[in-house]
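# Topology and contacts: notes
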Amino acid sequence: FVAEWDHRCFSPLRSFLSHGPAMKPRTWRLCRMRFGHVVHGRQASTFEHCKAVLPTSGHHYYSLDALGDARVERLPLCIRILLESALRESASGGGEADAMTILDFALQAGKADINWKPPRVIMQDLSGVPALIDLCAMRDAVAARGGDAGRVNPLSPVDVVVDHSVSVDISGRADALSRNMEIEFQRNRERFQFLRWAQVSFDNFGLVPPGSGIVHQVHCESLARMVMVRDGVAFPDACVGTDSHTPMVNGLGVVGWGVGGIEAVAAMLGQPISMVLPEVVGLELTGELRPGVTATDLVLTVTELLRRHGVVGKFIETFGPGAGSLAVTDRMTVANMAPEYGATVVFFPTDLKTLEYLRFTGRPADVVMLTEEYNRANGLFGAEAAANVQYTSVAKLDLSSVEPCMAGPKRPQDRVPLSRLKQDFAAALTAERGFKGYGLDQQEASSPIRVGEAKVRHGQLAIAAITSCTNTSNPSVLVAAGLLAKRAVELGLSTPGYVKTSLAPGSKVVTKYLEVAGLQAYLDKLGFQTVGYGCTTCMGNSGDVDPVMQAASESGAVIAAVLSGNRNFEGRVHLSVKANYIASPPLVVAAALAGRVDIDFEHEPLGLGKDGKAIFFAGRVADP
């Protein structure tokens, strides 16, 4: 505090502090932690003794171990990151009360408020444009008062990824990508011009242009800093984002979550976010995924489990040998769907696999080195760091119990084992209208809809889309889809003409490895040409469906979509598509070949091969 402010407004407080030693010890300690030491008319940090030096990089950092408080090792690692922020903020006159509240996590979680200042902000274009317009309005106001408008800039680093403007207008042909980008630029010319202006006009602002990828995959592959350094002090990378799936970066060991526009603008301007100290649910993972089980099957199982457990508004932190066995891209898939099970954060601690991912994605050697050095020094690295953590509650999952599945037809938490897909859809047709029902009678459910000469059955597939940040960031499921497409083409299978197929990779890296592996050509032959780099079918930018399927839907047919997305609410994928199933990319390809969702994949063929034999999903070939 400045001396004058301290004299006029805090003289009772100053008197209170000067008599501190005469108080009860706990009262004095709490008062010091809340207000710090008033020295020469200003507030001095209570935690300056926690400042240490990283021996290799030479950066300073705030050491949690230097607190000398046994409660630190019982804190979840994601909460330790909030604690570090509070220690660091104490140097500028705040944070002490927040630090004491966080240290008292066992008693205060879910009850007490804290302030947290996000180090940076990540946005997609739909939410980024309004935030930038707010800054422009501030510049106008400053200029109107004779000030220097150029001084109005984000105080925290901001990145905007343009990924929400592309739509699947054209699909199933070689020029789909170029045509859709052409249309995208025509529709959004004014918005894109504004973003380009912002890129060169604002400091502390980065722009990833259209046609680059989906915000969350680009974030993980290149924008996440891992450890940030400011004024010579190193600290954990963390962020808020204006998209609900921002927690995908939690799979890298970076704390971050989605917020509204007002909070994002506040963070851009260097203001703290007021929040309730979150409860933390420990997700104990044991065992390993069985062969043939994908990260998509895992995240749908986790979504069902944690919806039952009750995690809305809470942080999740994974631990156990199963968590360490997962590839970083699998961790990102699990973290991505945090909003679907209601969690704010799904934290995977940094470990050796994280470092491998950083090298694999081309991070500089000094970034990898600092990530390891900082996290090891501050008790945030690997399973050993969480050995004594006490969580608010614990949910458990044996990875070996996960089985191939989809989720739907209307909610991501309604997991359906693949072996029960046909029965589940049939039951939904005649169930009472709701999350798992369409309210048809038996005759309606069994009768096809006639459109001209065509007959459309309930469950016939209108859309098959490999899309969304949930899966397009994961090479294992995309390569699996490519291998399935290769085998299907070799056996002579094809997709029915009424199915709208599309592939929207999360970054150009996907295209590169599919091409190098020789798999993109086979996906192309089944109609899965690349349609764009961005958020497409998953957010409803799916374009028109086949006219016959559209007419059938308008006449009452329950037509379907299968997509590798994260949300499948009725009407979200397409207004005319009533049944939407979330599935892994290889299952999207399988469903496209079958042309329907009312199929028993184990006992019914996907179609007939070039020799007239029935081809089954498992690769089994039988005589017709």
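So, a few notes on the structure that sits alongside this text.

Criteria and thresholds
- Residues numbered from 1 in each chain as written.
- Predicted model: local features only at pLDDT ≥ 70, side-chain atom pairs only at ≥ 80, totals over all residues.
- Heavy atoms only, no water.
- Helix = DSSP H or I, 4+ residues; strand = E, 2+ residues; numbered from the N terminus.
- Rg over C-alpha atoms; globule rule 2.2 N^0.38 Å.
- Buried < 20%, exposed > 50% of the residue type's maximum accessible area, 1.4 Å probe, protein only.
- Contact = heavy atoms within 4.5 Å.
- Lys, Arg positive; Asp, Glu negative; His and termini not counted.
- Charge placed at Lys NZ, Arg CZ, Asp CG, Glu CD.
- Pairing = 2+ DSSP bridges.
- Axes fitted to C-alpha atoms, helices over the stretch in contact; angles between N-to-C directions.
- Salt bridge = Lys/Arg side-chain N within 4 Å of Asp/Glu carboxyl O.
- Polar contact = N/O pair within 3.5 Å; in protein donor to acceptor, adjacent residues only side chain to side chain.
- 1 Å grid on protein atoms, 1.4 Å probe; cavity = no way out; pocket = protein on both sides within 12 Å on 5 of 7 lines; lining within 4 Å.
- Points joined across faces, edges and corners; volume = space filled by probe spheres on them.
- Nonpolar A, V, L, I, M, F, W, Y, C, P; charged D, E, K, R; others polar.
- Core = buried A, V, L, I, M, F, W, Y, C linked by side-chain atoms within 4.5 Å.
- Expected span 1.5 Å × (residues − 1).
- Left-handed = near helix turned anticlockwise from the far one by under 90°.

It is worth spelling out the overall build of the chain at this point. Across its full length, the chain holds 25 helices and 28 strands. Computed over C-alpha atoms, the radius of gyration of the chain comes to 27 Å, within 12% of the 25 Å expected from 2.2 N^0.38 for 624 residues, which places it in the range of a compact globule. Its C-alpha atoms put the chain at 90 × 55 × 50 Å along the principal axes. A buried classification covers 56% of the 624 residues belonging to the chain. Of the contacts formed within the chain by residues at least 6 apart in sequence, a portion of 73% connects residues at least 24 apart. If you average the places of the 60 positive and of the 64 negative side-chain charges in the chain, the two averages end up 2 Å apart.

What follows covers the sheet that holds strand 17 (residues 393-398). Hydrogen bonds between backbone groups are what pair the strands of a sheet, and the pairing can be parallel or antiparallel. Taking strand neighbours across the sheet as the criterion, the four strands line up as 16-15-14-17 in an open arrangement whose pairing is parallel. Edge positions in the sheet fall to strand 16 (345-347) and strand 17, since each of these pairs with one other strand and no more. Mean inter-strand twist for the sheet, computed between neighbouring axes without regard to direction, equals 20°. In the sheet, strand 14 (residues 280-286) pairs with strand 15 (residues 315-319) via five bridges, with the strands oriented parallel. Within the sheet, the bridge partner assigned to G282 lies in strand 15 and is E317.

Below, the discussion takes up the pattern of salt bridges. Pairs can form between side chains of opposite charge whenever their charged atoms are close. By the definition in use, this model includes 27 salt bridges. A salt bridge links R71 to D104; its shortest N-O distance comes to 3.7 Å. Of this pair, R71 sits in the loop between strand 4 (60-62) and helix 4 (77-89) while D104 sits in the loop between helix 5 (96-103) and helix 6 (105-108), and the two are 33 residues apart along the sequence. Owing to a relative accessible area of 26%, R71 belongs among the partly exposed residues under this scheme. A residue is classified by how much of its surface remains accessible, and D104, at 23% relative accessible area, is partly exposed.

Turning next to the side chain of T501. Counting through the fold element by element, T501 comes out in strand 23 (residues 500-503). One polar contact links the side chain of T501 to the main-chain carbonyl oxygen of G527, over a distance of 2.7 Å. Apart from residues lying up to four places away in sequence, T501 is in contact with S171, G172, A464, T495, L526, G527, F528 and A592.

By volume, the largest pocket is sized at about 460 Å³. Around the largest pocket, the lining is made up of 26 residues, and of these G292, P404, L418, L587 and F617 lie nearest the centre. Elements that contribute at least two residues to the lining of the largest pocket include exactly helix 21 (475-491) and helix 25 (585-594). Among the elements that take part in the lining of the largest pocket, helix 21 stands out by supplying five residues, more than any other. For the lining of the largest pocket, the class distribution of residues is 16 nonpolar, five polar and five charged.

A few words now on the nonpolar core. Counting residues in each nonpolar core, the largest one holds 68 residues, and the members touching the most others are I79, L83, I102 and F315. Per element, the largest residue contribution to this core is eight residues, and it comes from helix 4. Contacts of L83, omitting those with residues within four sequence positions, involve L64, L67, V72, L75, A99, I102 and L103.

Each α-helix winds once per 3.6 residues, and so residues spaced three or four apart point in a common direction. Spanning 17 residues, helix 21 covers 24 Å between terminal C-alpha atoms, matching the ideal 24 Å at 1.5 Å per step. Looking only at helix 21, the buried set comprises V477, L478, A481, G482, L484, A485, A488 and L491.

Moving on, we come to the packing of helix 12 (residues 295-309) against helix 14 (residues 328-336). One way to put it is that helix 12 packs onto helix 14 with a least axis distance of 9 Å and a crossing angle of 35°. Relative to helix 14, helix 12 is oriented so that their crossing is right-handed. Where helix 12 approaches helix 14, its residues A295, T296, L298, V299 and V302 are matched on the opposing element by D330, T333 and V334. Its residues placed into classes, the contact of helix 12 with helix 14 shows five nonpolar, two polar and one charged.

On to the side chain of T318, then. Within the element layout of this structure, T318 appears in strand 15. Take T318: its relative accessible area is 2%, and that puts it in the buried class. Excluding its chain neighbours within four sequence positions, the residues that come into contact with T318 are L283, A323, F347, F348 and P349.

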